Each structure stands twice: as C-alpha cells, then as structure tokens.
Amino acid sequence: MTTAPETRGDVEIRSAERADLLAVKRIENASFPQPWPYDAFERYLDAPGFLVAVEPDGGRDADGGDALDSADVVGFVVADLVPNHGEGLGHVKDLAVHPDRRGDGVGESLLAAALGTLSARSAASVKLEVRESNEAARSLYEKFGFQPLRRVPRYYDDGEDALILVRELR
C-alpha cells in the first residue's frame, strides 16, 4: 500500500518504492559500520513504515527536467508492526539520513512520520535498538520520548552493546 506524500519541513515523506532501494542502500552504507544488505530492504518494501524522505521538488532541475532519480532520497526509516500480547508493538528497525543532510531535521521528520504510521495501525508502543555510542541517535529518540528499557551486551557484530528504547503511543 502506498501512502500519499506528506511534506514535513523541507522534505517530502512517502512510502519507499523499489526504485528507491539503491539510494537507501547508499545511505545505509554511509551511515553504519555494519550496514544491512540490499535484500533486507527488499523484504520490507511492503512494510507500512518503510518511508523515505525526498527533496520536495522531486529532483527536478531549474529547467523542469529530471535532475535526480532515486538520488533525491535523503533519508529513510524502516518500521513495522508485530503482535504483542494482543496489542500491536511497533519496531523501528533502521533509520538513516544522508551525511550531507544530517542536522537538517530529516531524521525528526522520518521518525515522526513512522510513529504516526505505527499509531494509525494501532501500535500501543514502539521499541528500537540503538548503539550505546550513537549519541546523535540517542538524542533524537530521547527528544521523541523514548526511554531506556534495558542494555543488550554485545548486540552488534563488533561487540558493542545496544540499548533497547521504548515509547508508549497511547
């Protein structure tokens, strides 16, 4: 199901499409020491919370021609909903912003849209994992009301701990 584009700040948030996957993978590779493989993103194409942030002009140049294809994707979030004791549990699995656009509010726009999508699908709460050392991400999640639930030792392949953060939506 495709959601209608929504403009937040200076980016448009919409459902991810197959044509976006190469740009998503490039952003993933530039963002994480252990990036997801391409096929992991393919598996989530139908997830309601796989959203991309794109330049609002749709990548058009001054003459109205196409300046960018999927390169106009400047960030993404992958979130889904799983049953949890009779209530929906949202899970933010991945969120990344192109290095050139970090600090511009793109991550906030993506997270707000993902939380709205999960809430609209009856998620009672949302969880996510974050590297203990990722101060920028932790700050973003704290701004959105996420609270630490527990630490998972050696969660990542390189041995770093993860923090499990949760937020109630109701």
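Thresholds applied
- Residues numbered from 1 in each chain as written.
- Predicted model: local features only at pLDDT ≥ 70, side-chain atom pairs only at ≥ 80, totals over all residues.
- Heavy atoms only, no water.
- Salt bridge = Lys/Arg side-chain N within 4 Å of Asp/Glu carboxyl O.
- Helix = DSSP H or I, 4+ residues; strand = E, 2+ residues; numbered from the N terminus.
- Buried < 20%, exposed > 50% of the residue type's maximum accessible area, 1.4 Å probe, protein only.
- Pairing = 2+ DSSP bridges.

Caption draft 1: Up close: the pattern of salt bridges. Scanning the model with the defined rule gives 14 salt bridges in all. Between R101 and D10 there is a salt bridge, with its nearest N and O atoms 2.9 Å apart. Linking R101 in the loop between strand 5 (87–97) and helix 3 (106–120) with D10 in the loop between strand 1 (6–8) and strand 2 (11–15), this pair joins segments that are 91 residues apart in sequence. The class of R101 is buried, set by a relative accessible area of 11%. Relative accessible area serves as the criterion here: at 39%, D10 is assigned to the partly exposed category. Two residues, R101 and D104, come together in a salt bridge whose shortest N-O distance is 2.9 Å. On the basis of relative accessibility, which here comes to 42%, the residue D104 falls in the partly exposed class. Salt bridges here are not isolated pairs; linked through shared partners, they connect D10, E55, R101 and D104.

Caption draft 2: The arrangement of the pairing of strand 4 (residues 73–84) in detail. Taken together, the four bridges between strand 3 (residues 51–54) and strand 4 define a ladder with antiparallel strand orientation. By the bridge assignment, V52 is partnered in strand 4 with F76. With 10 bridges connecting them, strand 4 and strand 5 associate as antiparallel partners. If you follow V82 over to strand 5, its bridge partner there is L89. Remark: two residues form the turn of the hairpin made by strand 4 and strand 5, two consecutive strands paired antiparallel; H85 in that turn has positive phi of roughly 55°.

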